[in-house]
Amino acid sequence: MPVVVVESPAKAKTINKYLGSDYTVLASYGHVRDLPPKDGSVDPEHGFEMKWEVGADSRKHVKAIADALKDDNALILATDPDREGEAISWHLEETLRKRKAIRKDTEVRRVVFNAITKSAVTEAMKNPRDVDGDLVEAYLARRALDYLVGFNLSPVLWRKLPGARSAGRVQSVCLRLIVEREMEIEAFRPREYWTVKAQLSTPRGQSYEARLTVLAGQKLDKYDIENATQAELAQRAIESRDLTVSAVEAKPASRNPAAPFMTSTLQQEASRKFGMGARQTMSAAQRLYEAGLITYMRTDGIDMAPEAVHAARDAIRDRYGADYVPESPRMYKNKAKNAQEAHECIRPTEMTRDAGQIKVADADQRKLYDLIWKRTLACQMEAARLERTTVDIASADGQVALRATGQVVLFDGFLKIYEEGRDDVAADEDDKRLPQIMQGERAEKQSVTPEQHFTQPPPRYTEATLVKKMEELGIGRPSTYASIVTTIQDREYVRKEKNRLIPEDKGRIVTVFLLNFFRKYVGYEFTADLEDELDVISAGEADYKKVLADFWRDFSAAIAETSELRTAEVIDRLDEALAPMLYPPREDGSDPRACPLCGEGSLHLKPSRSGGFVGCSRYPDCRYTRPLGGEDQGGDRVLGEDAGDEISLRSGRFGPYVQRGEVTEENKKPPRASLPKGWSADDMDLEKALMLLSLPREVGPHPDDGEMIEAGIGRYGPFVKHGKLYANLKDPDEVFTIGMNRAVEELAKKAASRGKGRGTAAKPLKELGEHPAEGGAVNVMDGRYGPYVKWEKVNATLPKGVEPADVTMEMAVELIAEKAAKGGKKGGGRKRKAS
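Residues numbered from 1 in each chain as written. Predicted model: local features only at pLDDT ≥ 70, side-chain atom pairs only at ≥ 80, totals over all residues. Heavy atoms only, no water.

Moving on to the overall build of the chain. For the chain, the helix and strand inventory stands at 21 helices and 32 strands. Projecting the C-alpha coordinates of the chain onto the three principal axes gives extents of approximately 125 × 85 × 60 Å. Counting only residues that meet the buried cut, the chain has 47% of its 835 residues in that class. Restricting to contacts in the chain with at least 6 residues of sequence separation, those with at least 24 account for 66%. Just so you have it, the chain exposes about 42800 Å², and 48% of that area is on carbon and sulfur atoms. The positive charge centre, built from 128 side chains, and the negative charge centre, built from 134, are 4 Å apart in the chain. (Helix = DSSP H or I, 4+ residues; strand = E, 2+ residues; numbered from the N terminus. Buried < 20%, exposed > 50% of the residue type's maximum accessible area, 1.4 Å probe, protein only. Contact = heavy atoms within 4.5 Å. Areas by Shrake-Rupley, 256 points an atom, 1.4 Å probe, with all protein chains shown as cover. Lys, Arg positive; Asp, Glu negative; His and termini not counted. Charge placed at Lys NZ, Arg CZ, Asp CG, Glu CD.)

So this is what it looks like as structure tokens:
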């Protein structure tokens, strides 16, 4: 009975259903080996030898597979059909050979299927092959590159930039995209322009809207009407003339459906339609795939299997009629250069099964399945047929002309079930429907309205638009998009607000550091070229060790050169590079680096755990600081006045805060209060700011001793305090509402819990008596990490499976001696007094 190994128990369950009792189906639970996170796991000096380690969690799963192979002399590796799946199969085979679980006569085969259906699995079992060495080498090259960058570049960051967490081969390039977009937004200067629209009506009383396109006989460009004065003149020019319809043109048009989903387009559409992040989308897709409902979800491919195309066409005909089925099937060609991940598109495994017919309780999975099913059917449906109408309206002297546009859907086609979302949500004027308008008829003016506009900065990336940009640049692959986008958020280089990605100060500093000292390695073209080289390796057309050697030669030299720089030199270089952003020209023409507080010192970039800030060179005499983005950053504003002081909302190194008054020589530390967790800067007003600035709040004297109970917000959150006793509160709002009874109750609970812990001596689980050689009580205690033996200052954890009641003095003395030896205590005991 062959042993079949897949990645997950859910996949194992589905496959077991199809294969039956003739096979033993087990799960590896993902990768079983990885490079240990320490120096030397990849050795460039010895042919890039890689030292793999079986994960602690994976040992039991490997053992289960090895145990099954004792009875069954055939191993079938049925992991996912991409590079990662190939790598898992290779790791499994290597690990099992090292354990001698695979014997000389054990047959080891690899099978792949793009969907977990009975027919796909059965067909795959008939066509086994060996593990693909080229795909494995592409994986080894990628893993080695990621390790060499991460483990050599990250320590340089830690030493030179306090607060920096890590750097990565692709994650740093992705971060650069977000930081550079933010810099574009900050450098953007809006340009004013005006448009003029007129509400017109036909002789039959039906109204429609037209916009001014010709003024003074000249065709208008977007920015030709620059200000209100020009707009008013244009308005008068229309109002003072009679208008007639000069031309009506109706043109047929058609809209074709979008191609079926691949990984990147699925992530983009799930973000647009449901606000789902890349990781959330892939997690839901993974569950659908494992349940046998959709095809494999990590793919660069948009082609569809012929049998799936025919099934889709049949399903469309049955549901919507023959009019919705085009004469010939629609064919979509793969854009992907890399064959390693250009599998079939993401589609349902059964075309007749809509979202109402699947047995899935999870809302994300149901929404995503519905999206995939609709997009797949739509891609094989007839085009939508439209009629686009353009109406030109002009004055008799030709000085003024306006245009109205609209369209009508003659046949909905694929739009009956699906329309692709758009990143720019601006209304399309063409979507309006026009009344019947005839050439030569009079256009009556109902109103003429000038509208002011300003050009908009480029939008911040969403996870979806970032993935789209990465795909355009050739950075990353379907299997890595979600993890890259998630990593830069986990490292606190980027935060997500209202679905948009905004770089934190530490993300900016890291990016500028890398651009100044490792520019080549965060270059878009370099990163894309390296991805292409990995694809060439996967096609068996390049030696992966040569690719690694070429990369390491230059990269190691750059690391060595930067490591020798002093931190002060690095900060000076970054200060210089960031100068245009940090010190923009002032309106009065004064030195932008002059300290606005003392007037004597000069401003300079200062490193910090949160990334960095701008401070005065005369510190500590002058304590002026401001965030990297300037004083007025991210909604900084005056909230009002109180007792003659200006109350303002500001952005600081550690987030938004409110402040009373200004920093002056006499008042170097004006009262400030950080916004507690859950409070939004957008919702702040004067009342809320004064509440924060009034803290700590006096609740009243304690009934026992008369000492005042206070409520406040500290570095660990909201609390009530009595003397030196602090009790945490769950909600910051409770600080302003908590009464005496509740405060006393919370403090009593805290006092009781402290009594169980540090406040009173903990009671032993078992008393063993005096140490036979050294003296002093030996006891078995209960600790936060489990029971342990305590003697003097030595604490020795009990071995797994040993119950406290079973511990003897002999066993305890042995554990104490071992622990003391590890800790470097001579003799395993205390010092004796001199005789």
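Attention shifts here to the packing of helix H9 (residues 278-290) against helix H13 (residues 481-490). Look at H9 against H13: their axes get within 8 Å of each other, and the N-to-C directions meet at 135°. By the angle class used here, H9 and H13 are oblique. Here H9 and H13 pass one another in a crossing that is left-handed. Only Ala482, Thr486 and Asp490 of H13 make contact with H9, whose side of the interface consists of Ala278, Arg279 and Met282. A per-class count over the contact of H9 with H13 returns 3 nonpolar, 1 polar and 2 charged. (Axes fitted to C-alpha atoms, helices over the stretch in contact; angles between N-to-C directions. Parallel < 35°, antiparallel > 145°, perpendicular 65-115°, else oblique. Left-handed = near helix turned anticlockwise from the far one by under 90°. Nonpolar A, V, L, I, M, F, W, Y, C, P; charged D, E, K, R; others polar.)

Another point: empty space enclosed by the protein. The probe, sized like a water molecule, is rolled over the atoms to show the empty space still left. According to the stated counting rule, one finds 2 cavities of 30 Å³ or more in the structure shown. In this structure, the largest cavity occupies an estimated 80 Å³ of space. Looking at the lining of the largest cavity, the elements that each hand over two or more residues are helix H5 (133-160) and helix H15 (524-538). The biggest single contributor to the lining of the largest cavity is H15, with 3 residues. Taken together, the residues of the lining of the largest cavity sort by class into 8 nonpolar, 3 polar and 1 charged. (1 Å grid on protein atoms, 1.4 Å probe; cavity = no way out; pocket = protein on both sides within 12 Å on 5 of 7 lines; lining within 4 Å. Points joined across faces, edges and corners; volume = space filled by probe spheres on them.)

Turning our eyes to something else, we now look at the confidence of the model for the chain. In this model, the chain carries a mean pLDDT of 87, and residues with pLDDT of at least 70 account for 93%. Across residues 756-760 the pLDDT falls below 50, and counting only partners more than four positions away or on other chains, this stretch makes 3 contacts in the model. For the stretch residues 825-835, pLDDT sits under 50, and the model shows 15 contacts to residues farther than four places along the chain or on other chains. (pLDDT = per-residue confidence, 0-100.)

A few words now on the packing of aromatic side chains. Counting across every chain of the model gives 18 aromatic pairs. Between Tyr147 and Phe151, the ring centres sit 4.7 Å apart and the planes meet at 15°, which makes this aromatic pair stacked. Of this pair, Tyr147 and Phe151 both sit in helix H5, 4 residues apart, which is roughly one turn of the helix. Residue classification places Tyr147 among the buried residues on the basis of a relative accessible area of 5%. (Phe/Tyr/Trp six-rings, centres within 6.5 Å; stacked < 30°, edge-to-face > 60°.)

This paragraph deals with the pairing of strand E31 (residues 786-791). When strand E30 (residues 777-783) meets E31, the two strands line up antiparallel, connected through 6 bridges. Counterpart to Asp782 in the pairing with E31 is Pro787. Examined bridge by bridge, E31 and strand E32 (residues 794-797) share 4 bridges and lie antiparallel to one another. Paired with Lys790 across the bridge in E32 is Asn795. Hairpin connection, E31 to E32: the antiparallel pair is bridged by 2 residues, and Glu792 has positive phi, about 50°. (Pairing = 2+ DSSP bridges.)

Okay, unusual backbone geometry next. Outside of glycine, negative phi angles account for most residues, and trans bonds account for most peptide bonds. Here Tyr619 and Pro620 are connected by a cis peptide whose omega angle stands at 10°. Counting through the fold element by element, Pro620 comes out in the loop between strand E19 (613-616) and strand E20 (625-626). Residue Leu695 is joined to Pro696 through a cis peptide bond whose omega torsion reads 0°. With a phi close to 50°, Lys498 is a non-glycine residue in the positive phi region. Here Lys498 is to be found in the loop between strand E16 (494-497) and strand E17 (500-503). Its relative accessible area of 75% is what places Lys498 among the exposed residues. Positive phi outside glycine occurs at Glu792, with the angle close to 50°. One can find Glu792 in the loop between E31 and E32.

On to the nonpolar core. Core analysis: the largest hydrophobic core is formed by 80 residues, its most contacted members being Leu161, Leu466, Phe513, Phe518, Phe555 and Leu574. Per-element accounting of this core gives the leading share, 13 residues, to H5. For Leu466, the residues in contact, after removing those within four places along its chain, are Cys174, Leu177, Ile178, Tyr461, Val485 and Leu501. With 61 residues, the next largest nonpolar core counts Ile76, Val111, Met276 and Ile417 among its residues. (Core = buried A, V, L, I, M, F, W, Y, C linked by side-chain atoms within 4.5 Å.)

Read from one edge of the open sheet, 4 strands run E29-E30-E31-E32, paired in antiparallel fashion. Every other strand in the sheet has two partners, leaving strand E29 (766-770) and E32 as the edge strands with one partner each. Adjacent strand axes in the sheet meet at a mean angle of 25°, parallel and antiparallel pairs treated alike. Where helix H21 (residues 809-822) meets the sheet, its contacts fall on E29, E30, E31 and E32, and the angle it forms with E32 comes to roughly 110°.

This part is about helix H4 (residues 118-126). Of the residues making up H4, those classed as buried are Val121, Ala124 and Met125. End-on view of H4: buried residues confined to an arc of 100°, all on one side of the axis. Away from its buried face by more than 90 degrees, H4 exposes Ser119 and Lys126. Summarising the contacts, the buried residues of H4 are in contact with strand E1 (3-6), helix H1 (9-19) and strand E7 (74-77). (Arc of directions from axis to C-beta.)

Two elements, strand E9 (residues 192-201) and strand E15 (residues 442-454), share 10 bridges in a ladder whose sense is antiparallel. Note that in E15 the partner of Ala198 across the bridge is Val448. Relative to E15, strand E12 (residues 243-255) runs antiparallel, the two sharing 2 bridges. Pairing of Leu243 across the sheet is with Ala443, part of E15.

Attention now goes to the packing of helix H6 (residues 171-187) against helix H12 (residues 463-473). The packing of two helices is summarised by the inter-axis angle and the distance between the axes. Put simply, H6 and H12 touch, their axes get as near as 11 Å, and they point 115° apart. Considering the relative orientation of H6 and H12, their crossing is right-handed. Across the interface between the two elements, Cys174, Leu177 and Ile178 from H6 touch Leu466, Lys469, Met470 and Leu473 from H12. Of the residues belonging to the contact of H6 with H12, the class tally is 6 nonpolar, no polar and 1 charged.

We now examine the environment of Glu344. On the secondary structure map, Glu344 appears in the loop between helix H10 (306-320) and helix H11 (363-378). Once the C-alpha coordinates of Glu344 and Asn334 are considered, the two residues, 10 residues apart in sequence, prove to be 9.1 Å apart. In this view, Glu344 contacts Asn114, Thr295, Thr299, Gly301, Asp303, Met304, Ala305 and Ala308; residues no more than four positions away in its chain are not counted. At 3.3 Å, the side chain of Glu344 forms a polar contact with the side chain of Asn114. Side chain to side chain, Glu344 and Arg347 meet in a polar contact 2.4 Å long. (Polar contact = N/O pair within 3.5 Å; in protein donor to acceptor, adjacent residues only side chain to side chain.)

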